[in-house]
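Working through the structure, step by step
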Amino acid sequence: MVSVAIVGGSGYTGGELIRLLSAHPEVEIVDITSRQFEGTPVHKVHPHIRGTDLVFRNKKPSELDADIIFTATPHGASMKIVPDLLDTGAKVIDLSGDYRFNDIDVYEKWYGIEHTSDLKGVFGLPEIHREEIKKATLLANPGCFVTGAILSGYPLSKAKLADRMIFDSKTGVSGAGVNPAASTHYPNIGDNVNPYKVTQHRHMPEIQQELGAFSDVKVSFTPHLVPVNRGIQTTSHSFLNDENKDITSEELRKLYEKEYSGEYFIKLMDDGEVPHLSSVRGSNFVHIGGF
């Protein structure tokens, strides 16, 4: 049994993490921290989590005792507490963007925050970095848009088939977090599709970093907010280089079958099928199709 603590468990990300871990047969959640909800039973904040005696506690990093500690904290906040959490001897999985970038200058440019930690994390996408993840003490959980975009483009980039990839993503409103804002107010999103941060979203350099590690592919990314609660649907437009421009859809699909045949959480659609948001929402699965 693996003991787990969660720092900052009151938001949407923390609630989803609690849901997944509380159902895991090899995991015991021993602590969930929150300053705002100290002493409050978890189900009072996350009504869908029942049948546990979990309570939010306001604990310092040094007071946590667990095999693995998740930080479900905002960008900029994680880097202030991760060093202390590692000092406890735990492995740390950070859900913010603080440790995702190989180049700190890229992080500071896109997040507008000074990076004050010299620690290096392993990018936590097992389909690409499984062996490094096994040895790591600090994992940087990839961004939501990033996960879908990278997995859709990875086989092409690895095989050096594409010059350029354009990712057009539609996302549910919960991705904006638990705090309400004008941009996520129902009258502003209902019956609407809202592009935002057009080609300037801070997840774009994260996608470029991972896909660009295998080839010279150039990445463009724009997200759109749609009136659903959760889930992401990404359309990947990949432009093949001159040497591979005549590849058939059948050959393309075989490339993906070879790459993902051993990956339990990635499902390839049958010929002619396209993925649907409702088919994966609330699960850990990624569906890839429409070759």
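Refer to the structure printed above.
A short tour of the structure in this document, coming up. (Residues numbered from 1 in each chain as written. Predicted model: local features only at pLDDT ≥ 70, side-chain atom pairs only at ≥ 80, totals over all residues. Heavy atoms only, no water.)

A closer look at the overall build of the protein chain
As a reminder, the rule being used: By the criteria applied, helices consist of DSSP H or I runs no shorter than four residues and strands consist of E runs no shorter than two, each listed in order from the N terminus. For the radius of gyration, the atoms used are the C-alpha atoms, and the globule rule reads 2.2 Å times the number of residues raised to 0.38. Between buried and exposed lies partly exposed: a residue is buried under 20% and exposed over 50% of the maximum accessible area for its type, with that area taken using a 1.4 Å probe on protein chains only. Positive charges come from Lys and Arg alone, negative charges from Asp and Glu alone, with His and the N- and C-terminal ends not counted. The location of each charge is read from NZ of Lys, CZ of Arg, CG of Asp or CD of Glu.
Tallying secondary structure elements over the protein chain gives ten helices and 13 strands in all. In terms of C-alpha radius of gyration, the protein chain reaches 20 Å, essentially the compact-globule figure of 19 Å for 291 residues. Considered along the principal axes of its C-alpha atoms, the protein chain spans approximately 60 × 45 × 40 Å. Across the 291 residues in the protein chain, those meeting the buried criterion constitute 41%. Mean positive and mean negative side-chain charge positions of the protein chain (29 and 38 charges, respectively) differ by 3 Å.

Some thoughts on the nonpolar core
Our working rule: Residues grouped as a nonpolar core are buried Ala, Val, Leu, Ile, Met, Phe, Trp, Tyr and Cys residues, joined through side-chain atoms within 4.5 Å. Contact criterion: two residues are considered in contact whenever any of their non-hydrogen atoms come within 4.5 Å of each other.
In this structure, Ile150, Met165, Phe167, Ile207, Leu211 and Tyr260 are the most contacted members of the largest nonpolar core, which totals 26 residues. Of all the secondary structure elements, the ones that give two or more residues to this core are helix 6 (144–158), strand 8 (162–171), helix 8 (204–211), strand 10 (218–225), helix 9 (249–260) and strand 13 (286–288). Here this core gets seven residues from one element, more than from any other, and that element is helix 6. Excluding residues that lie within four positions of it along the chain, Leu211 makes contacts with Ala149, Ile150, Gly153, Tyr154, Ser157, Met165, Phe167, Val217 and Val219. Grouped together as the second largest cluster of nonpolar side chains are 19 residues, Ile6, Leu21, Leu54 and Leu139 included.

What about a negative patch on the surface?
This is how the line gets drawn: Each patch groups residues whose relative accessible area exceeds 30% and which form no salt bridge, using 9 Å between like charges and 5 Å between nonpolar side chains of Val, Leu, Ile, Met, Phe, Trp and Tyr. Note on areas: Shrake-Rupley, 1.4 Å probe, and residue coverage restricted to the protein chains presented here. Put simply, a salt bridge is a Lys or Arg side-chain nitrogen that is within 4 Å of an Asp or Glu carboxyl oxygen.
A cluster of acidic side chains, namely Asp163, Asp216, Asp242 and Glu243, defines a negative patch on the protein surface. Within the secondary structure layout, Asp216 lies in the loop between helix 8 and strand 10. Taking the relative accessible area as the measure of exposure, Asp216 reaches 71% and is therefore exposed.

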